[in-house]
Amino acid sequence: MRALTVERASTLRGHTVLLRASLNVPVENGVVRNPFRLDAALKTVTLLSSAGARVVLISHIDGDGSPSLRPVYEYLKTKVPLVFVEDVAGERARAAVHALTDGHVALIENVRRDAGEVVNDDAFARRLASLGDVYVNDDFAAAHRKHASIIGVPQYLPSYAGLQFVAEVEGLTKALEPKSPSLAIVGGAKFVTKEPLIRALLPKYDFVFVGGALAIDFYKAKGYEVGKSLVSDSPHLADLLTNSKVILPVDATVVGPAGTFVKDVRELLPNDTIYDIGPKSIETLKPLAAKARTVLWNGPLGNFEKGFSSMTEELAKVLADAPGVSVVGGGDTIAAIQKLGLNDKFEFVSTAGGAMLDFLAHGTLPGIEALKNAKTL
Ligand code: 3PG
């Protein structure tokens, strides 16, 4: 995989660079709610634009009914010379790209509006590729998808990894090669999506703390009463119960008929529901975090959608003060860190969600392999 460097960018004046960027951000009432990914994406956009390249910005955005990237355009247009084209890879996009001058940027519409994107249709990949003469992938967060704009296009153009893409690979590689003593903290809800990560981390890390709703699956498997708490469908974790590296929260924030209480996890009643871990569990993490040379954290410890974010925020503060290298990621995890203004206290804050999990579990991603196999200039 060849990286886009400042030197390489300086040779791209007058070239048309198809830049796959990570512009999939939450939007509310037509306004970008969290620009974390956009600010990270701007590093490569401005590098190319200030080097005099003509930049064709492509991305997907999630939401009901294949939403538009227009809110993203409204945010980015104040930062770079940008036009928005309400077309993916048709005649209007082609005309807008043709009209670009050196240093200017055209954002084309949500690539997933074309059915060829998610199935990596070859004709669509060729049409996209024909919009530029160089391809840069800066969307690490989507590099786990075998989509046309991720793995199809680099078959047809000289290809490079963008600045954020390279930063993600480097940052997350540190978490894949932890220095002992090491601590991994995995939270969130769906056991099936986190199981490969937990299993991949156990041989590498000294301790793996399992929080969030994932921990409830462990309590249930141990035979504890879990009341009405969220549990996964038949999770495969019997062998993990006896693994001494796995640490579970010892207390939980529970909502029951009489209100909200912190309880020992062995004392739940049938009408109780766990919504967060408890303060004693944070205390058990403190000495481990203080000693760890590498800390990896992905996923919230409580149910964010229902407002149970306080233990996640407590953990963010503990890790911000920890002396080792801390690598963190996941939407809710980052939201907690940002809310507290702690971004700078972490060695690396990933912009990726599912791609981070897949990279940590498998050590590579389809988008990385596509760049490795691509030609360069
Ligand atoms: C993400 O938000 O994790 C990436 O942009 C990938 O989005 P997706 O899950 O819709 O493929």
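Since this is a predicted model, take the numbers as computed values, not measurements.

Trainee: Account for the nonpolar core, with residues named and values stated.
Mentor: Of all hydrophobic cores here, the largest spans 70 residues; its most connected members are Leu-18, Leu-128, Phe-140, Ile-198, Val-208 and Leu-296. Both domains that furnish three or more residues to this core are identified here as domain 1 (6–161 + 364–373) and domain 2 (170–346). If we ignore the near neighbours within four places in the chain, the residues touching Phe-140 are Phe-165, Glu-168, Val-169, Leu-172, Ala-352, Ala-355, Met-356, Phe-359, Leu-365 and Ile-368. Counting 32 residues, the second-largest nonpolar core is a separate cluster that includes Leu-12, Val-55, Val-105 and Leu-107.

Trainee: Describe the sheet that holds strand S15 (residues 294–298), and please don't skip the residues or the numbers.
Mentor: The six strands lie next to each other as S11-S10-S9-S15-S16-S17, forming an open sheet whose pairing is parallel. Only two strands of the sheet have a single partner each, and these edge strands are strand S11 (246–247) and strand S17 (348–349). As paired elements, strand S9 (residues 182–186) and strand S10 (residues 207–210) share four bridges and run parallel to each other. If you follow Ile-185 over to S10, its bridge partner there is Phe-209. Against the sheet, helix H8 (residues 191–201) touches S9, S10 and S15, its axis set at about 170° to S9. Helix-sheet contacts for helix H11 (residues 310–321) involve S9, S15 and strand S16 (325–329), and the interaxial angle to S15 is about 160°.

Reading the values: rules and limits
- Residues numbered from 1 in each chain as written.
- Predicted model: local features only at pLDDT ≥ 70, side-chain atom pairs only at ≥ 80, totals over all residues.
- Heavy atoms only, no water.
- Core = buried A, V, L, I, M, F, W, Y, C linked by side-chain atoms within 4.5 Å.
- Buried < 20%, exposed > 50% of the residue type's maximum accessible area, 1.4 Å probe, protein only.
- Domains from an automatic or database assignment.
- Contact = heavy atoms within 4.5 Å.
- Pairing = 2+ DSSP bridges.
- Helix = DSSP H or I, 4+ residues; strand = E, 2+ residues; numbered from the N terminus.
- Axes fitted to C-alpha atoms, helices over the stretch in contact; angles between N-to-C directions.

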